[in-house]
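Analysis of the macromolecular model
One letter stands for each residue in the lines below.
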Amino acid sequence: MTLTPLLEPHWMNAVLPEIILSISGILMILFDAFAPKARGAMAPLAVLLLMVAAASESMVAGGVFFGGTWETGALTQIFDLVFLLTALLATLFSREYLRREQIEGGEFYALLMWGTVGMMMMAKGLDLLIVVLGLEMLSICIFVLVGYHRRIAISNEASLKYFLMGAFATGFILYGTALFYGACGSTKLSDLANFFQTADPHNPLLTVAFILLMAGLGFKLALAPFHAWAPDVYQGAPTPVAAWLSVAPKVATLMALVRIFWAMGPVAQHAGWMHIVAVLSILSMIIGNAVAIAQRDLKRMLAYSGIAHVGYMMIAMLTVREDSVAAVAVYAVTYALMNVGAFGVVSMLAKNQNDPQTLDDIAGLGFRRPFYGLALSVCMFSLSGLPPTAGFVSKFYIFKTAVESGHSTVALIGILTSIVSVYYYLRVVYFLYMKEGGEGETAIDSGVFGVAALTISIVGILLIGIYPTPLFERAGAAARALLLGQ
Amino acid sequence: MPGIPTNYFLILSAILFTIGVCGVLTRRNGITIFMSIELMVNAVNLTFVAYARQFHSLHGLIFVFFVMAIAAAEAAVGLAIFIALYHHRDTIDVDEANLMHW
């Protein structure tokens, strides 16, 4: 009998970005401890380390590693780059935010990096154990980051709410995993896939396990009806953290769901589980868009719009095939650019964390602060899905794959609700340019970091909107490689 | 299999999990809610151990070790959050945390 080696040196290549990010986080904390005078250099250092991690992505070998529990490939690379991009933008916005609030510390950047490692684990794990570990690594970093501004009551309160909800949701995810383990004898997704080939779709144990898992992951995704925490947490969290939190964890959870749904295969369709997912998606789109209309606080409005956007992405998940996975990947890239950009503008405008940015605060801002006005407008156009922005092409792609998979009704609801959403997104643009504003007291010193981040967002949104072909082709090829092994 | 059938463990863990969920939904003291969540997690551990015993597999046992580590890490961060909350309000009643509409 030959023993499978537990570790082979070349496997380290498969976790290179994770290793770099983990060490970078430690470096950030040590830097803060040993050179507190040089705090100003911390954000540039964090940006540099994130870029090194992104560069190392090209050296990662594709394949299955660690005894079939870890898979790297073109698609995980795209998702990794989305996580790194989100972390990079959040870091750039954080620099000005943290200095303004006078709470800059190395652990902030370290937690962003470690959270990113958790997301990468979720996206690459072929074993539910790895997915759960990644999710927890991410969640614990989020608990701390949301409450990072601990002297401010709403930040602490947001952290409390996210902690209780998140830990509660983790309980459901774990119980669902335990029941799947009981049904199939393993938590590896490959074993689950084999098991589901012959599983009885009417086994109530499996249905209960699926509902528990979806309820738990629905919390993390802020899917209605599990969305109640999202507006409060986004409002209370430091704004750059809210920007990061509103995108990256959702994208990572979606990637984990792609693998889980793919492993479940036809059983999921027979057992009507996808009807449950369709209901969650429809509820999210309707509740998210309807309640967003009533919001005047920009952060709360973006929270509800984020609920709706997860609903759109879930439409593509109803049938997991190459096109729909590619559509989710494209949407993830777009969503990262536009949502972080929108939160970033809000972060730069507020005088402090307790200063809410309402529609009235941004009235006339487009003339007082042309660059911020432009950036916010581009993000709003993209979020509402108007051409020639990235939001239009990626939303179009989602709805197209949904109709091709035979989910016309859900796609129709998606299109109708996204028409409704144009109202509240363009209302922001209306306030920016067509309302008389105050005397410009919201404007703060514009920092070069924030301007750089906003430029990345605007250029990315317009580039993908005008010339989407390369991204679409790459995502399509990556999704084929993941699902069909070509 | 000799000894107690696996089903007994599963029923017990389902009951414990339900008690935990009820505790989270009905209690208002932060620490008590957190204890209820720990009860849910321990019910999950019992399920894993019971199945691992039935299958004679290590997989479920390893999962339990990681779940315990996760619970410990959550406890560390969670209790710190409660201390910060207590500093702000002199209470850890979650109904008092109502600056934003809960």
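Residues numbered from 1 in each chain as written. Chains lettered and ligands numbered in written order. Predicted model: local features only at pLDDT ≥ 70, side-chain atom pairs only at ≥ 80, totals over all residues. Heavy atoms only, no water.

**Looking at the overall build of chain A**
Filter applied, for reference: Helix and strand definitions here come from DSSP, where helices need a minimum of 4 consecutive H or I residues and strands a minimum of 2 consecutive E residues; each element is numbered from the N-terminal end. It is over C-alpha atoms that the radius of gyration is taken, and the globule rule equals 2.2 Å times the number of residues to the power 0.38. Summary of the burial criterion: residues with accessible area below 20% of their type's maximum are buried, those above 50% are exposed, and those between are partly exposed, where the area comes from a 1.4 Å probe applied to protein chains only.
Assigned secondary structure in chain A consists of 20 helices and two strands. For 486 residues, the compact-globule formula gives about 23 Å, and the C-alpha radius of gyration of chain A, at 22 Å, lands near that figure. For chain A, the C-alpha atoms occupy an extent of roughly 75 × 55 × 40 Å along the three principal directions. Every one of the 486 residues in chain A was classed for burial, and the buried ones make up 64%.

**Section: the interface of chain A and chain B**
Where the parts come together, the accessible area they lose is often given as the size of the interface. Note the threshold: Residues are treated as being in contact if the distance between any of their heavy atoms lies within 4.5 Å. Each of two parts loses accessible area, computed with a 1.4 Å probe, when they are put together; buried area is these two losses added. Throughout this description, a polar contact denotes any pair of N or O atoms lying within 3.5 Å of each other; where both atoms belong to protein, one of them has to be capable of donating a hydrogen while the other can accept it, and for residues adjacent in sequence the pair is counted only when both atoms sit in side chains. The residue classification treats Ala, Val, Leu, Ile, Met, Phe, Trp, Tyr, Cys and Pro as nonpolar and Asp, Glu, Lys and Arg as charged. All others, Gly included, are polar.
Taken residue by residue, the interface counts 44 residues in chain A and 42 residues in chain B. Summed over both partners, the interface of chain A with chain B buries about 3700 Å², with 79% contributed by carbon and sulfur atoms. The interface formed by chain A and chain B contains seven residue pairs in polar contact (both at pLDDT 80 or more). Taken together, the elements giving at least two residues each to the side of chain A that touches chain B come down to helix H5 (128-146), helix H6 (153-184), helix H8 (204-221) and helix H9 (229-236) of chain A. Among the residues making up the side of chain A that touches chain B, the classes are represented as 24 nonpolar, eleven polar and nine charged.

**As for the layout of surface pockets**
Under the convention used in this document: The method works on a 1 Å grid over the protein atoms by themselves. A cavity is a set of points holding a 1.4 Å probe that cannot get out, a pocket is an open set with protein on both sides within 12 Å along at least five of seven lines, and residues with an atom within 4 Å of a point line them. Grid points are joined across faces, edges and corners, and a volume is the space filled by probe spheres set on the points.
Approximately 460 Å³ is the volume found for the largest pocket. Lining of the largest pocket is provided by 18 residues; of these, Leu81(A), Val82(A), Leu85(A), Val333(A) and Leu471(A) occupy positions nearest its centre. Residue assignment for the lining of the largest pocket shows that the elements contributing at least two residues are helix H2 (42-56), helix H3 (74-101), helix H14 (322-349), helix H19 (448-466) and helix H20 (469-484) of chain A. For the lining of the largest pocket, the class distribution of residues is 16 nonpolar, one polar and one charged. Within this model, the second largest pocket holds a volume of roughly 380 Å³. Lining the second largest pocket are 17 residues, and of these Val144(A), Gly147(A), Tyr148(A), His149(A) and Arg150(A) sit closest to its centre. Of all the elements in the fold, those that place two or more residues in the lining of the second largest pocket are helix H4 (106-124), H5 and H6 of chain A together with helix H3 (59-89) of chain B. Take the lining of the second largest pocket: its biggest share by element is four residues, from H3(B).

**Digging into empty space enclosed by the protein**
Residue and element names in this part refer to chain A. One pass over the full model with this rule turns up three cavities of 30 Å³ or more. A volume near 50 Å³ is recorded for the largest cavity. For the largest cavity, the full set of lining residues is Leu128, Val131, Val132, Leu135, Ile173, Thr177, Leu213, Leu217 and Ile260. Among the secondary structure elements, those contributing two or more residues to the lining of the largest cavity are H5, H6 and H8. When residues of the lining of the largest cavity are assigned to their parent elements, the largest contribution, four residues, is made by H5. Considering only residue class, the lining of the largest cavity consists of eight nonpolar, one polar and no charged. The space that makes up the second largest cavity amounts to roughly 40 Å³. Lining the second largest cavity, in full, are Leu128, Phe180, Leu189, Leu192, Phe196, Leu213, Ile260, Ala263 and Met264. Only helix H7 (189-198) and helix H11 (248-270) provide two or more residues apiece to the lining of the second largest cavity. Its residues placed into classes, the lining of the second largest cavity shows nine nonpolar, no polar and no charged.

**A look at helix H17 (residues 390-404) of chain A**
Residue and element names in this part refer to chain A. Applied cut-off: Between the first and last residue of a helix there are one fewer steps than residues, each counted as 1.5 Å, and that sum is the expected span.
Helix length check: H17, at 15 residues, gives a terminal C-alpha distance of 21 Å against a target of 21 Å (1.5 Å per residue), a fit within 8%. Residues of H17 that are buried: Ala390, Gly391, Val393, Ser394, Lys395, Tyr397, Ile398, Phe399, Thr401 and Ala402. Looking at the buried residues of H17, the elements they touch are helix H13 (298-317), H14, helix H16 (370-384), helix H18 (408-434), H19 and H20.

**Quick word on the pattern of salt bridges**
Note the following rule: For salt bridges, the criterion is a side-chain nitrogen of Lys or Arg within 4 Å of an Asp or Glu carboxyl oxygen.
Scanning all chains against the criterion turns up 15 salt bridges over all chains. With a shortest N-O distance of 3.3 Å, Asp360(A) and Arg296(A) are connected by a salt bridge. Of this pair, Asp360(A) sits in the loop between H14 and helix H15 (365-368) while Arg296(A) is found in the loop between helix H12 (273-294) and H13, placing the two residues 64 residues apart along the sequence. Classification of Arg296(A) as partly exposed rests on a relative accessible area of 39%. When salt bridges that share partners are traced, they join Glu157(A), Lys161(A), Asp232(A), Arg300(A) and Arg89(B) into one network.

**A few points about a nonpolar patch on the surface**
Residue and element names in this part refer to chain A. Put simply, the rule reads: To count toward a patch, a residue needs a relative accessible area above 30% and no salt bridge. Like charges then connect within 9 Å, nonpolar side chains (Val, Leu, Ile, Met, Phe, Trp, Tyr) within 5 Å. Note on areas: Shrake-Rupley, 1.4 Å probe, and residue coverage restricted to the protein chains presented here.
On the surface, Leu7, Met12, Ile19, Ile23 and Leu27 cluster together into a nonpolar patch covering about 430 Å² of accessible area. Locating Leu27 in the fold gives a position in helix H1 (residues 16-34). Taking the relative accessible area as the measure of exposure, Leu27 reaches 42% and is therefore partly exposed.

**As for the environment of Ala183(A)**
The residue Ala183(A) is located in helix H6 in this model. Note: C-alpha distance between Ala183(A) and Leu205(A) (22 residues apart in sequence) is 7.7 Å.

**Some thoughts on H8(A)**
Residues and elements named next belong to chain A. Between its terminal C-alpha atoms H8 stretches 25 Å, which fits the 26 Å expected from 18 residues at 1.5 Å a residue. With 13 of its 18 residues buried, H8 lies for the most part within the structure. Of the residues flanking the end of H8, it is Ala222, one or two places downstream, whose phi is positive at about 60°.

**Some details on the side chain of Asp127(A)**
Test applied: Positive charges come from Lys and Arg, negative ones from Asp and Glu, while His and the chain ends are left out of the count.
For Asp127(A), the position within the fold is in the loop between H4 and H5. Notably, Asp127(A) is buried but unbridged: the nearest opposite-charge side chain belongs to Lys188(A), and the N-O separation is 6.0 Å. Here Leu129(A) takes part through its backbone nitrogen, which lies 2.9 Å from a polar atom of the side chain of Asp127(A). Setting aside chain neighbours within four positions, we find Asp127(A) in contact with Thr69(A), Thr187(A), Lys188(A), Leu189(A) and His59(B).

**Concerning unusual backbone geometry**
Residue and element names in this part refer to chain A. The peptide bond linking Ala224 to Pro225 adopts the cis configuration, its omega dihedral lying at 5°. In this fold, Pro225 is placed in the loop between H8 and H9. Omega for the peptide link from Pro387 to Pro388 comes to 5°, which places this bond in the cis form. The residue Ala222 is not glycine, and still its phi comes out positive at about 60°.

**Notes on the nonpolar core**
Put simply, the rule reads: To qualify as a nonpolar core, a set must consist of buried Ala, Val, Leu, Ile, Met, Phe, Trp, Tyr and Cys residues joined through side-chain atoms within 4.5 Å.
Membership of the largest hydrophobic core comes to 221 residues, with the highest contact counts inside it found for Trp244(A), Phe261(A), Met314(A), Ile362(A) and Met380(A). The contacts of Met380(A), once residues within four sequence positions are left out, are Met301(A), Leu302(A), Ala342(A), Tyr425(A), Val428(A) and Val429(A).

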